[in-house]
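Here are the chains, one letter per residue:
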Amino acid sequence: MFRLIHKDRKSKARLGKLKTAHGEVNTPVFMPVGTQGTVKTLTNAEVIECGAEIILGNAYHLYLRPGLDVIKKAGGLHKFMGWGRPILTDSGGYQIFSLAKLRKLSDEGAEFSSHIDGSRHFITPEKAIEIQQVLGSDIMMTLDECVHYPAARDYVEQSLALTTGWAERSKKYFLEYREQSTENREKKQLLFGIVQGSTYTDLRKKAVRDLLKIEFDGYAIGGVSVGEPENLIHEVSAYTASLLPEDKPRYLMGLGTPPDIVEAIGNGIDMFDCVVPTRNGRNGQAFTPQGDLQLRNAEYKEDTRPIDEKCSCYACKNHSRAYIRHLFNTEELLGLRLVSLHNVHFYVKIIELCRKAIRENRFSEFKDEFLKIYNKGGLN
Ligand SMILES: [Zn+2]
């Protein structure tokens, strides 16, 4: 399913191809987040025009609304949302622990109340897989507990035992489902395990060892960027990536800003998802190679330049900073759309440039240059 194509000579960055039932994905890859079965404010055609090869959907949200019956009737999430390319779904674990009101956590599963209407639900590792089977995602994730930072060692140890136990059950259920029918097998869904362990390196190591025994199609690094200092984000993810097998894709969950992603690619990570381009875009924050701009600021009032002069997205080809600022000031919806579009385009293009640099064995130089220019102009 995954082919490692090339390794950069001077860094750990790598190029790969991930084969899924809805097409091949070139890695490293950025997956725009489509929480509710939509990349917020953008049409699928626009997401494709940005160059996105795969998107992410949230099992928790889609399970609560519209509910599995609706999606089943539509023939799965791809058909329901009219998206023909690959989809990765998370297991819902992160939202159960962060968004829902958690009622009870046990070896068996997690009982929670919906953040929408308070209705009670019980999700087991098996149920999380079943939900994703109905969604028909190309890549499914196991249910895990994402521990926030800081966390006491005792707690992390206990939590890891729970996550590992859940991973085993998820795999077992996944295999049983595949055995049940040709139709199930033909969906060719992949299952990724998630490495937890907080900032304790020995626990990360143990987590990897245990997951490798279970064998997954790919491995995600979870519990990163959950409140820890910036240097630890990269230390922990680089260390964890170094423990993972070369011939399987590595997915760093939920990260991050453009410099974070470029840094992580240099540490050997292949897949990323993040709400930042769309969420921050809806607040008027636009990303450029020279850093980010807050387009609501008065300094852009008469700025006739596009967000980024070198960008080829629709927003930059047709509109000025002054116009977009005006849209935000007057609460016109087009403003949210234009900046979201530009940001998703920017994230996808940055990763394309990373891939090009890896292919040419000059990733380290590319990274240093990118970070130098980005950090010099950024964060205003
Ligand atoms: Zn643009």
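Residues numbered from 1 in each chain as written. Predicted model: local features only at pLDDT ≥ 70, side-chain atom pairs only at ≥ 80, totals over all residues. Heavy atoms only, no water.

**Student:** Looking at this structure, I do not really get the coordination of the zinc ion. What am I missing?
**Tutor:** Metal coordination angles have textbook ideals: 109.5 degrees for a tetrahedral set of four donors and 90 or 180 degrees for an octahedral set of six. Looking at the zinc ion, the protein donor atoms are Cys311 (SG), Cys313 (SG), Cys316 (SG) and His342 (ND1), and they sit 2.1 to 2.3 Å from it. Sequence spacing of the donors to the zinc ion: C-x1-C-x2-C-x25-H. Residue Cys311 is found in the loop between β16 (291–294) and α13 (314–318), and its partner His342 is found in helix α15 (residues 333–359); the two are separated by 31 residues along the sequence. For Cys311, a relative accessible area of 13% gives the class buried. His342 sits in the buried class, given a relative accessible area of 0%. (Donors = N, O, S within 2.8 Å, 3.2 Å for Na, K, Ca; no water. Helix = DSSP H or I, 4+ residues; strand = E, 2+ residues; numbered from the N terminus. Buried < 20%, exposed > 50% of the residue type's maximum accessible area, 1.4 Å probe, protein only.)

**Student:** Would you mind going over the sheet that holds strand β5 (residues 55–58) with me for this structure?
**Tutor:** Paired through backbone hydrogen bonds, the strands of a sheet run either parallel or antiparallel to each other. Ordered in space as β4-β5-β6-β10-β11-β12-β13-β14, the eight strands form a closed barrel in which the pairing is parallel. Neighbour-to-neighbour, the strand axes of this sheet turn through a mean angle of 30°, independent of strand direction. Pairing of strand β4 (residues 29–34) with β5, which is carried by two bridges, proceeds in the parallel orientation. What sits directly across from Val33, in β5, is Leu56. Along the sheet, helix α9 (residues 201–214) makes contact with β11 (190–195) and β12 (218–221), crossing β11 at roughly 155°. (Pairing = 2+ DSSP bridges. Axes fitted to C-alpha atoms, helices over the stretch in contact; angles between N-to-C directions. Contact = heavy atoms within 4.5 Å.)

**Student:** Honestly, the packing of α9 against helix α10 (residues 230–243) in this entry has me stumped. Any pointers?
**Tutor:** The description of two helices packed together rests on the angle between their axes and the distance between the axes. Two elements in contact, α9 and α10, have axes separated by 10 Å at closest approach and are oriented at 35°. As α9 runs across α10, the sense of the crossing is right-handed. From α9, Thr201, Arg204, Lys205, Val208 and Leu212 reach across to α10, where they touch Val236, Tyr239, Thr240 and Leu243. Grouping the constituent residues of the contact of α9 with α10 by class yields five nonpolar, two polar and two charged. (Left-handed = near helix turned anticlockwise from the far one by under 90°. Nonpolar A, V, L, I, M, F, W, Y, C, P; charged D, E, K, R; others polar.)

**Student:** Help me understand the packing of aromatic side chains in this model?
**Tutor:** Within a pair of aromatic rings, the relevant descriptors are the distance that separates the centres and the angle that separates the planes. Tallied over the entire structure, the rule returns eight aromatic pairs. Ring plane angle 50° and centroid distance 4.8 Å describe the contact between Phe30 and Tyr347, whose orientation is recorded as tilted. Remark: Tyr347 occurs in helix α15 and Phe30 occurs in strand β4; sequence separation between them is 317 residues. The same class applies to Phe30 as to Tyr347, namely buried. Arranged with centres 6.5 Å apart and planes meeting at 80°, the rings of Phe346 and Tyr347 form a pair that is edge-to-face. Like Phe346, the residue Tyr347 is buried in the burial classification. One aromatic cluster is present, formed by Phe30, Phe287, Phe346 and Tyr347 through successive ring pairs. (Phe/Tyr/Trp six-rings, centres within 6.5 Å; stacked < 30°, edge-to-face > 60°.)

Keep in mind that these numbers describe shape and distance, not what the molecule does.
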